[in-house]
Amino acid sequence: MLATTGEFAAKNPNTCRAVKAAIIEAGKWIDASLTNKNKMAEAVADKAIEIQGVAQSFTTPKGTFVALRDINLTVAKGEFVTLIGHSGCGKSTLLNLIAGLATPTQGALICANREIKGTGPDRGVVLQNHSLLPWLTCYDNVYLAVQRVFGQTQLIKGQAGIPAETKAKLKERTDAALAMVGLTPAAQKRPGEISGGMKQRVGLARALSMQPAVLLMDEPFGALDALTRAKLQDELLDIVAKTQSTVVMVTHDVDEAVLLSDRIVMLTNGPDATIGGVLSVALPRPRNRVALAESTQYLGYRKAVIDLLYTRQAHVGKLAA
Ligand SMILES: Nc1ncnc2c1ncn2[C@@H]1O[C@H](COP(=O)(O)OP(=O)(O)OP(=O)(O)O)[C@@H](O)[C@H]1O
Ligand SMILES: [Mg+2]
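Cut-offs applied
- Residues numbered from 1 in each chain as written.
- Chains lettered and ligands numbered in written order.
- Predicted model: local features only at pLDDT ≥ 70, side-chain atom pairs only at ≥ 80, totals over all residues.
- Near = placed C-beta within 6 Å.
- Helix = DSSP H or I, 4+ residues; strand = E, 2+ residues; numbered from the N terminus.
- Nonpolar A, V, L, I, M, F, W, Y, C, P; charged D, E, K, R; others polar.
- Core = buried A, V, L, I, M, F, W, Y, C linked by C-beta atoms within 7 Å.
- Buried ≥ 20, exposed ≤ 12 C-beta atoms within 10 Å, placed from the backbone.
- Domains from an automatic or database assignment.
- Contact = placed C-beta atoms within 7 Å.
- pLDDT = per-residue confidence, 0-100.
- Pairing = 2+ DSSP bridges.
- Axes fitted to C-alpha atoms, helices over the stretch in contact; angles between N-to-C directions.
- Expected span 1.5 Å × (residues − 1).
- Arc of directions from axis to C-beta.

1. Comments concerning the site of ligand 1
Near ligand 1 there are 13 residues, and of these F58, S87, K91, S92 and T93 occur at the shortest range. Secondary structure elements with two or more residues in the shell around ligand 1: β1 (47-60), β2 (63-76) and α4 (91-99). Top contributing element to the shell around ligand 1 by residue count: α4, with three residues. Tallied by class, residues from the shell around ligand 1 come to four nonpolar, eight polar and one charged.

2. Re the nonpolar core
Of all hydrophobic cores here, the largest spans 73 residues; its most connected members are I98, V142, A205, L216, V248 and V305. The element contributing the most residues to this core is helix α5 (residues 138-150), with eight residues. Split by domain, the residues of this core number at least three in each of domain 1 (14-122 + 215-321) and domain 2 (133-211). With residues up to four places along the chain from it excluded, the contact list for A205 reads V142, A177, L178, M180, V181 and L183.

3. Comments concerning the confidence of the model for the chain
Chain-level pLDDT for the chain is 85 on average; 82% of the residues reach the 70-or-more range. Throughout residues 32-42 the model reports pLDDT below 50, and contacts reaching past four residues in sequence, or to other chains, amount to eleven contacts. Long-range and interchain partners of residues 316-321, a stretch whose pLDDT sits below 50, account for twelve contacts in this model, where long-range means more than four residues apart.

4. Comments concerning the environment of D140
Relative to the assigned elements, D140 resides in helix α5. What makes D140 partly exposed here is the crowd of 16 C-beta atoms within 10 Å. As for D140 and T174, which are separated by 34 residues in sequence, their C-alpha atoms are 8.5 Å apart.

5. A word on the sheet that holds strand β10 (residues 275-280)
Strand order in the open sheet formed by six strands is β6-β7-β8-β3-β9-β10, with mixed pairing between adjacent strands. At either end of the open sheet lies a strand with only one pairing partner, and these are β6 (123-126) and β10. Each neighbouring strand pair of the sheet contributes to a mean axis angle of 15°, computed without reference to strand direction. Taken together, the four bridges between strand β3 (residues 80-84) and strand β9 (residues 263-267) define a ladder with parallel strand orientation. Paired with V81 across the two strands is R263, which belongs to β9. Contacting β6 and β7 (214-218), helix α7 (residues 196-209) runs over the sheet at an angle of about 175° to β6. Seen against the sheet, helix α11 (residues 296-312) touches β3, β9 and β10 and runs at an angle of roughly 170° to β10.

6. Some words on the sheet that holds strand β4 (residues 106-111)
Sheet strands pair via backbone hydrogen bonds, and the direction of the pair is either parallel or antiparallel. Here we have four strands laid out as an open sheet, ordered β2-β1-β4-β5, and antiparallel in their pairing. Two strands lie at the open edges of the sheet, namely β2 and β5 (114-115), each paired on one side alone. Here β1 pairs with β4 via five bridges, running antiparallel. Note on β4: the bridge partner recorded for A55 is Q106.

7. Observations regarding the pairing of β3
In terms of burial, β3 is largely enclosed, as five of its five residues are buried. Side-chain alternation along β3 places F80, T82 and I84 on one buried face and V81 and L83 on a second face that is also buried.

8. Quick word on helix α8 (residues 226-243)
With 18 residues, α8 ought to run about 26 Å at 1.5 Å a step, and its terminal C-alpha atoms sit 25 Å apart, in line with that. When we look at burial in α8, the residues that qualify are R229, L232, Q233 and L236. The buried residues of α8 all sit within an arc of 110° when viewed along its axis, so they share a single face. Among the exposed residues of α8, those oriented more than 90 degrees off its buried face are L227, D238, A241 and K242. Positive phi appears at Q244, one or two residues downstream of α8, with a value of about 55°.

As structure tokens, then:
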């Protein structure tokens, strides 16, 4: 039987001290409302994405609905950032703005020093519903994206441009992307013939095949069972370590956020949602989920996220803690 907290503390004073220290350390959320936004931006030397004073409103039959306001965030090259918050707070809205699928009502979003004006091959997007073309094989779903990016001359302002690649090279890219997510054996299957986890892998392969500077993912593993989700998280950790990609990912899952992130960005409840806190996760990489399960530092971060979501932003939502 489990001992009471008091009995456990009496028998294990060192463990308790370590857990307490880790919780205090991990609990050092940067309160975005108190932080000078310019200082935050300056602190990031090599910027992949800058979000400056962004607001997003929607026109609804009941009037204007302000989903997001005053969003300021800079993501460094190679950084893994997760967006977390209660259902309906505006995570997808923010990710869609970065993807260029929508235009902000106010403010600006910048990727690689250029204002985001629409979708682009520099930002690979993985959506929760994997949006594959059902009549194409896994191979062709990926090949289509590769062909769109590398199969035609890439025009670069003021430069000669990059010539279209040969079919053999496009095939090589497609094969490599499928191999990276372990899908080579299923390359000739259609989406209707593969599992949910495999469909997510095709979506990931398609985004990775474009060699985007930034990978944007909206709850990519949300609909998967716990084991498949864990496997894909581990694969994602490996892939990101290999490709050094910058990632912005939406998640509802506290463990997923702590395991994967360099920083966790918490949005306040909407309407009028903004950044309520930013937590830097200083766990060393490579990260191993089994080892981390016993790490006091890991548990400290986990508790800090849960505290912030349930104490400061209490709300009945669909969070998996
Ligand atoms: N096109 C739209 N028109 C009107 N309101 C919208 C539109 N898109 C989103 N919203 C509203 O903006 C808010 C934020 O929506 P969003 O989809 O970004 O939330 P979310 O944090 O991704 O939620 P979830 O975790 O459930 O996916 C919600 O209240 C939603 O109803
Ligand atoms: Mg969403």
